[in-house]
Amino acid sequence: PTFYLRAITSSVNFDTGGDVNDFMHGWLNYQIEHHCWPDLSMLSYQKGQAELKEICARHGVPYVQENVFIRLKKTLDIAMGKSKMRRYPDSMEREADMMVWQDQKAAA
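Now for a look at the structure at hand. If you're wondering where the values come from, they're calculated on a predicted model, not measured in any experiment.

## Focus on unusual backbone geometry
Here comes step 1: Residue W27 is not a glycine yet carries a positive backbone phi of 60°.
Here comes step 2: By secondary structure assignment, the location of W27 is in the loop between helix 2 (19-24) and helix 3 (31-36).
Here comes step 3: The exposure class assigned to W27 is buried, which follows from its relative accessible area of 14%.

## Describing a nonpolar patch on the surface
Here comes step 1: Together, V20, F23 and M24 make up an exposed nonpolar region whose accessible area comes to about 390 Å².
Here comes step 2: Note that F23 resides in helix 2.
Here comes step 3: Judged by its relative accessible area of 56%, F23 is exposed.

## Focus on the nonpolar core
Here comes step 1: Counting residues in hydrophobic clusters, the biggest one holds eight residues: A7, I8, I32, C36, L52, C56, V61 and Y63.
Here comes step 2: Every element with two or more residues in this core is listed here: helix 1 (2-9), helix 3 and helix 4 (45-59).
Here comes step 3: Here Y63 is in contact with N13, I32, E33, Q49, L52, K53 and C56, once residues within four sequence places are set aside.

## Brief notes about the packing of aromatic side chains
Here comes step 1: The full count for this structure, using the stated rule, is three aromatic pairs.
Here comes step 2: When the centroid spacing of 6.1 Å and the interplanar angle of 80° are considered together, the rings of F23 and W27 count as edge-to-face.
Here comes step 3: Here Y30 and Y45 contribute two aromatic rings whose centre-to-centre distance is 5.7 Å and whose plane-to-plane angle is 35°, an arrangement assigned as tilted. One end of the pair, Y30, is in the loop between helix 2 and helix 3; the other, Y45, is in helix 4, and 15 residues separate them in sequence.
Here comes step 4: On the accessibility criterion, Y30 (1% relative accessible area) is buried.

## Some words on helix 4
Here comes step 1: If you check helix 4, its first and last C-alpha atoms are 21 Å apart, about what 15 residues at 1.5 Å a residue would give, namely 21 Å.
Here comes step 2: Buried residues in helix 4 make contact with helix 1 and helix 3.

## Notes on the pattern of salt bridges
Here comes step 1: Inspection of every chain in the model, using the stated rule, returns four salt bridges.
Here comes step 2: The salt bridge partner of E66 is R71, with a shortest N-O separation of 2.6 Å.
Here comes step 3: Its relative accessible area of 19% is what places E66 among the buried residues.
Here comes step 4: Of the residues examined, R71 reaches a relative accessible area of 21% and is grouped as partly exposed.
Here comes step 5: The salt bridge partner of D77 is K73, with a shortest N-O separation of 2.7 Å. Of this pair, D77 and K73 both sit in helix 5 (residues 68-79), four residues apart, which is roughly one turn of that helix.

Cut-offs and rules
- Residues numbered from 1 in each chain as written.
- Predicted model: local features only at pLDDT ≥ 70, side-chain atom pairs only at ≥ 80, totals over all residues.
- Heavy atoms only, no water.
- Helix = DSSP H or I, 4+ residues; strand = E, 2+ residues; numbered from the N terminus.
- Buried < 20%, exposed > 50% of the residue type's maximum accessible area, 1.4 Å probe, protein only.
- Patch = residues over 30% accessible without salt bridge, like charges linked within 9 Å, V, L, I, M, F, W, Y side chains within 5 Å.
- Areas by Shrake-Rupley, 256 points an atom, 1.4 Å probe, with all protein chains shown as cover.
- Salt bridge = Lys/Arg side-chain N within 4 Å of Asp/Glu carboxyl O.
- Core = buried A, V, L, I, M, F, W, Y, C linked by side-chain atoms within 4.5 Å.
- Contact = heavy atoms within 4.5 Å.
- Phe/Tyr/Trp six-rings, centres within 6.5 Å; stacked < 30°, edge-to-face > 60°.
- Expected span 1.5 Å × (residues − 1).

So this is what it looks like as structure tokens:
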């Protein structure tokens, strides 16, 4: 479960909807769907988006979708040190899904 939570909370979609808009973005505007279902064809993202949004709403998982220019400004602000990236909430992490590195195992 943590894999999908991380896929959703660490991704952002640009504006979606409509074949022309999606084509102009090269279907890269469906990052959340792509990270949840990497083997899904890009033409199926439109179909899966509504269901994924509903699942997120039902479980209180943030599904972020913003204009490409707003995202570009946020990216530049992070690169210039004006802001920081959003962190994955520790409260959503499951201990069973946590990665433990070999040197951490040896120290324990």
